[in-house]
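# Structural description and commentary
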Amino acid sequence: MPIADTVQLGDNVKIFQPALVNLYGCTIGAGTRIGAFVEIQKNAVIGARCKISSHAFVCEGVSIEDEVFVGHGVMFTNDRFPRATNPDGSLQTEADWSVEPTCVRRGASLGSNVTVLAGVTIGERALVGAGAVVTGDVPDFAIVAGVPARVVGDVRKEKG
């Protein structure tokens, strides 16, 4: 599992086990920490001072702003209607679909095993509970949990 020459790493990025990640064509901001078994695909952007925990998958089209926490096993998607083949049975190529951008705003936190569907925005300082499936936009400061994820609180009203 490589760190490709096409990766743009900011100052003081810490990749704890470089032999156990797969990074290519992405941008990683200064001071970000990346755990083992993480894949970050081309055209994904990770901001400064983020923590990307082990076993996370950040696909093309995902933009993660500064100071975001991504828990263990978080999965992003970039296609709402994935298919292996076209109606004629031929294998799909990059020309047969388009990336749906996803954005995680500054200071948000995604708990372990969260799944984020394509095309959503997770708001500033929002908190997504472990195991949630995010199918729509999450407001700034919201606490969401469940399948599908629903608002259950506001981080500004919680202690901690």
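Look up a bit, the structure's there.
Overview of the structure. (Residues numbered from 1 in each chain as written. Predicted model: local features only at pLDDT ≥ 70, side-chain atom pairs only at ≥ 80, totals over all residues. Heavy atoms only, no water.)

Now for the overall build of the protein chain. When you go through the protein chain residue by residue, the secondary structure sums to zero helices and 20 strands. Computed over the C-alpha atoms, the radius of gyration of the protein chain is 16 Å, within 12% of the 15 Å expected from 2.2 N^0.38 for a compact globule of 160 residues. When its C-alpha atoms are laid out on the principal axes, the protein chain stretches across 55 × 40 × 20 Å. When burial is assessed residue by residue, the protein chain has 40% of its 160 residues classed as buried. Put simply, of all contacts in the protein chain between residues at least 6 apart along the chain, 17% involve residues at least 24 apart. Carbon and sulfur atoms provide 53% of the accessible area of the protein chain, an area that totals close to 8,400 Å². Positive and negative charge centroids in the protein chain, built from 14 and 17 side chains respectively, lie 10 Å apart. (Helix = DSSP H or I, 4+ residues; strand = E, 2+ residues; numbered from the N terminus. Rg over C-alpha atoms; globule rule 2.2 N^0.38 Å. Buried < 20%, exposed > 50% of the residue type's maximum accessible area, 1.4 Å probe, protein only. Contact = heavy atoms within 4.5 Å. Areas by Shrake-Rupley, 256 points an atom, 1.4 Å probe, with all protein chains shown as cover. Lys, Arg positive; Asp, Glu negative; His and termini not counted. Charge placed at Lys NZ, Arg CZ, Asp CG, Glu CD.)

Moving on to the side chain of asparagine 78. By the element assignment, asparagine 78 lies in the loop between strand S12 (75-76) and strand S13 (102-104). For asparagine 78, the side chain forms a polar contact with the main-chain oxygen of glutamate 60, separated by 3.0 Å. Beyond its immediate chain neighbours, meaning those up to four positions away, asparagine 78 contacts Gln41, Cys59, Glu60, Trp97, Ser98, Val99, Glu100 and Ala118. (Polar contact = N/O pair within 3.5 Å; in protein donor to acceptor, adjacent residues only side chain to side chain.)

Grouped together as the largest cluster of nonpolar side chains are 38 residues, with contacts concentrated most on Ile40, Ile64, Phe76, Leu110 and Ile122. If we ignore the near neighbours within four places in the chain, the residues touching isoleucine 122 are Cys103, Val104, Arg105, Ala108, Leu110, Val116, Val128, Val134 and Val138. (Core = buried A, V, L, I, M, F, W, Y, C linked by side-chain atoms within 4.5 Å.)

We now examine the sheet that holds strand S17 (residues 127-128). Within the open sheet, the eight strands sit side by side as S2-S5-S8-S11-S14-S17-S19-S20. Their pairing is mixed. The open sheet has two free edges, formed respectively by strand S2 (14-15) and strand S20 (150-154), since each of these has just one partner strand. Pairing between S17 and strand S19 (residues 142-145): two bridges, direction parallel. In the strand pairing of S19, leucine 127 is matched with isoleucine 143. (Pairing = 2+ DSSP bridges.)

Let us now look at the side chain of glutamine 41. Among the structural elements, glutamine 41 can be located in the loop between strand S6 (39-40) and strand S7 (45-46). Within polar-contact distance, the side chain of glutamine 41 engages the side chain of tyrosine 24 at 3.2 Å. Filtering out sequence-adjacent residues up to four positions away, glutamine 41 remains in contact with Tyr24, Gly25, Cys26, Phe57, Val58, Cys59, Glu60 and Asn78.

Pairing within the open sheet is parallel, and its six strands lie in the order S1-S4-S7-S10-S13-S16. In this open sheet, the two edge strands, each paired with only one partner strand, are strand S1 (8-9) and strand S16 (121-122). Both S13 and S16 contribute to a ladder of two bridges, which runs parallel. Along S16, the bridge assignment pairs cysteine 103 with threonine 121.

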